[in-house]
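Residues per chain are reported as follows:
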Amino acid sequence: MARLCKPLTDTFIKNLKEVGPKKHNDGNGLYLFVSPSGSKLWRMAYKYDGKANTTSFGPYPLVSLKQAREKREELQKLLLQNINPKQLLEEKRIEQLSFRKVGEEWFGKNEPAWKSSHSLKIKLRLEKHIYPYLGDWPFSELKANDLLAVLNRLENQGIIETAYRVSQYFSQIY
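The rules we used
- Residues numbered from 1 in each chain as written.
- Predicted model: local features only at pLDDT ≥ 70, side-chain atom pairs only at ≥ 80, totals over all residues.
- Heavy atoms only, no water.
- Helix = DSSP H or I, 4+ residues; strand = E, 2+ residues; numbered from the N terminus.
- Rg over C-alpha atoms; globule rule 2.2 N^0.38 Å.
- Buried < 20%, exposed > 50% of the residue type's maximum accessible area, 1.4 Å probe, protein only.
- Contact = heavy atoms within 4.5 Å.
- Areas by Shrake-Rupley, 256 points an atom, 1.4 Å probe, with all protein chains shown as cover.
- Lys, Arg positive; Asp, Glu negative; His and termini not counted.
- Charge placed at Lys NZ, Arg CZ, Asp CG, Glu CD.
- Polar contact = N/O pair within 3.5 Å; in protein donor to acceptor, adjacent residues only side chain to side chain.
- Axes fitted to C-alpha atoms, helices over the stretch in contact; angles between N-to-C directions.
- Parallel < 35°, antiparallel > 145°, perpendicular 65-115°, else oblique.
- Nonpolar A, V, L, I, M, F, W, Y, C, P; charged D, E, K, R; others polar.

Bringing the overall build of the protein chain into the picture now. For the protein chain, the count of helices and strands is seven helices and four strands. Whereas a compact globule of 174 residues would reach a radius of gyration of roughly 16 Å, the protein chain reaches 23 Å, over 25% beyond that. Structurally, the protein chain occupies a C-alpha span of about 70 × 35 × 30 Å along its principal axes. Out of the 174 residues belonging to the protein chain, those deemed buried represent 33%. Considering only contacts within the protein chain whose residues lie at least 6 apart along the sequence, 42% involve residues at least 24 apart. For the protein chain, the exposed surface amounts to about 11600 Å²; the carbon and sulfur share of it is 52%. Across the protein chain, the mean location of the 29 positive side-chain charges is 7 Å away from that of the 19 negative side-chain charges.

What follows covers the side chain of Ser-35. Following the sequence through the fold, Ser-35 ends up in the loop between strand 2 (30-34) and strand 3 (40-48). Its relative accessible area of 12% is what places Ser-35 among the buried residues. Within the local environment of Ser-35, its side chain forms a polar contact with the side chain of Ser-37, the two groups lying 2.9 Å apart. Setting aside residues up to four positions removed in sequence, Ser-35 forms contacts with Val-19, Gly-20 and Pro-21.

Between helix 4 (residues 99-110) and helix 7 (residues 160-173), the least distance of the axes is 10 Å, while the angle of their chain directions is 90°. Between helix 4 and helix 7, the interaxial angle falls into the category roughly perpendicular. Together, Phe-99, Val-102, Gly-103 and Trp-106 of helix 4 and Tyr-169, Phe-170, Gln-172 and Ile-173 of helix 7 make up the contact between the two elements. Its residues assigned to classes, the contact of helix 4 with helix 7 shows six nonpolar, two polar and no charged.

This is the structure we're talking about:
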């Protein structure tokens with residue numbers, strides 16, 4: 001049987017002086033995590049698709065007890081609709097990013113596995129042939145025609161191999 005916990009109060013949290021690591025449960029998965037340094041962070045434990053997950057709502061007092069509870073309710077509504085909260089947050093984060101930011105993230109994740117000469121070629125192609133045209137566009141608003149325009153520009157310049165490589169980068173970034 002699940003143990004019922006007494007909900008947290010603002011007074012309790014404000015007067016909390018201990019250092020952690022320690023969890024102070026508020027109920028329904030929400031808890032205040034106190035780190036070894038004494039900082040306080042709102043977290044929520046939940047299950048999605050049978051797997052345990054944890055998400056963070058931000059530090060206390062920047063995120064109040066009331067705000068943390070509201071975020072818990074929002075997350076629980078998503079779970080009831082069988083929506084993966086982590087995937088939804090990632091999609092929202094990407095929607096707010098420019099194509100350049102997503103491309104740089106992709107490059108940064110893959111660069112350690114590449115030889116330096118290969119890495120340099122890719123970086124130069126991105127900066128010369130893609131970013132000047134699409135770099136500042138919101139990633140979520142890019143359409144196939146926007147990508148094709150860049151490739152057509154390269155083909156019209158007679159640099160077919162570069163167009164082929166750039167099309168590979170597009171598909172890998174997406």
